[in-house]
Amino acid sequence: LKNRLGVGYTLSIACQQGANNSAIISAVKEHVPGLDVLSNGAGEVALRLPMESVPAFPALLGHLEERGAELGVRGHGISVTTLEEIFLKIGHDEASANEAANVGDAPGENYDSVAPSDGAPSQKPTDSTAVDMNNSHSNDD
């Protein structure tokens, strides 16, 4: 399941106070250009590394060991996708697909499938629903 539906690896990097997180992310991107930033806050950066980037891990981790201090890295760890993350991704993907399928189905816009309860024929809304009040005439002559 993890191999088929896995979303990759998570690289967690603990940063020193005042570290330039953008420089750390750029350094990782040199080795894994297809990464996704999961979080980028004070003290930690979390990155999603795709499954196909595994061959780049030795060079990436070596780079973090060699240049980590100058980048402001206190430590780092890498973990494989958990089953919980896979299920969250599946749920997110299904929700996104449902939203895409329902675009334009706002309440009140689909009159074709709803017939009035009084037996009258259903009507489609018209493009012009404004009433011209300037041309109204009264019979008060």
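No experiment lies behind these values; they were computed from the predicted model shown.

1. What to know about the environment of Gln16
Looking at where Gln16 falls in the secondary structure, it is placed in the loop between strand S1 (9-15) and helix H2 (21-29). Distance in space between the C-alpha atoms of Gln16 and Ala69 is 8.9 Å, their sequence separation being 53 residues.

2. Re the confidence of the model for the protein chain
For the protein chain, per-residue confidence averages 77 on the pLDDT scale, and 68% of positions sit at 70 or higher. Per-element mean pLDDT across the protein chain ranges from 62 in helix H1 (residues 2-5) up to 95 in H2. In this model residues 108-116 is a low-confidence stretch, pLDDT under 50, and it forms 11 contacts with partners more than four residues away in sequence or in other chains. Counting contacts from residues 124-138, a segment whose pLDDT is below 50, to residues more than four positions away or on other chains yields three contacts.

3. Remarks on the side chain of Asn21
Within the secondary structure, Asn21 is located in helix H2. What makes Asn21 buried here is its relative accessible area of 13%. Separated by 2.8 Å, the side chains of Asn21 and Asn40 make a polar contact. From its side chain, Asn21 meets the backbone oxygen of Gly41 in a polar contact 3.0 Å long. Setting aside anything within four residues of it in sequence, one finds Asn21 in contact with Cys15, Asn40, Gly41, Glu44 and Val45.

Reading the values: rules and limits
Residues numbered from 1 in each chain as written. Predicted model: local features only at pLDDT ≥ 70, side-chain atom pairs only at ≥ 80, totals over all residues. Heavy atoms only, no water. Helix = DSSP H or I, 4+ residues; strand = E, 2+ residues; numbered from the N terminus. pLDDT = per-residue confidence, 0-100. Contact = heavy atoms within 4.5 Å. Buried < 20%, exposed > 50% of the residue type's maximum accessible area, 1.4 Å probe, protein only. Polar contact = N/O pair within 3.5 Å; in protein donor to acceptor, adjacent residues only side chain to side chain.

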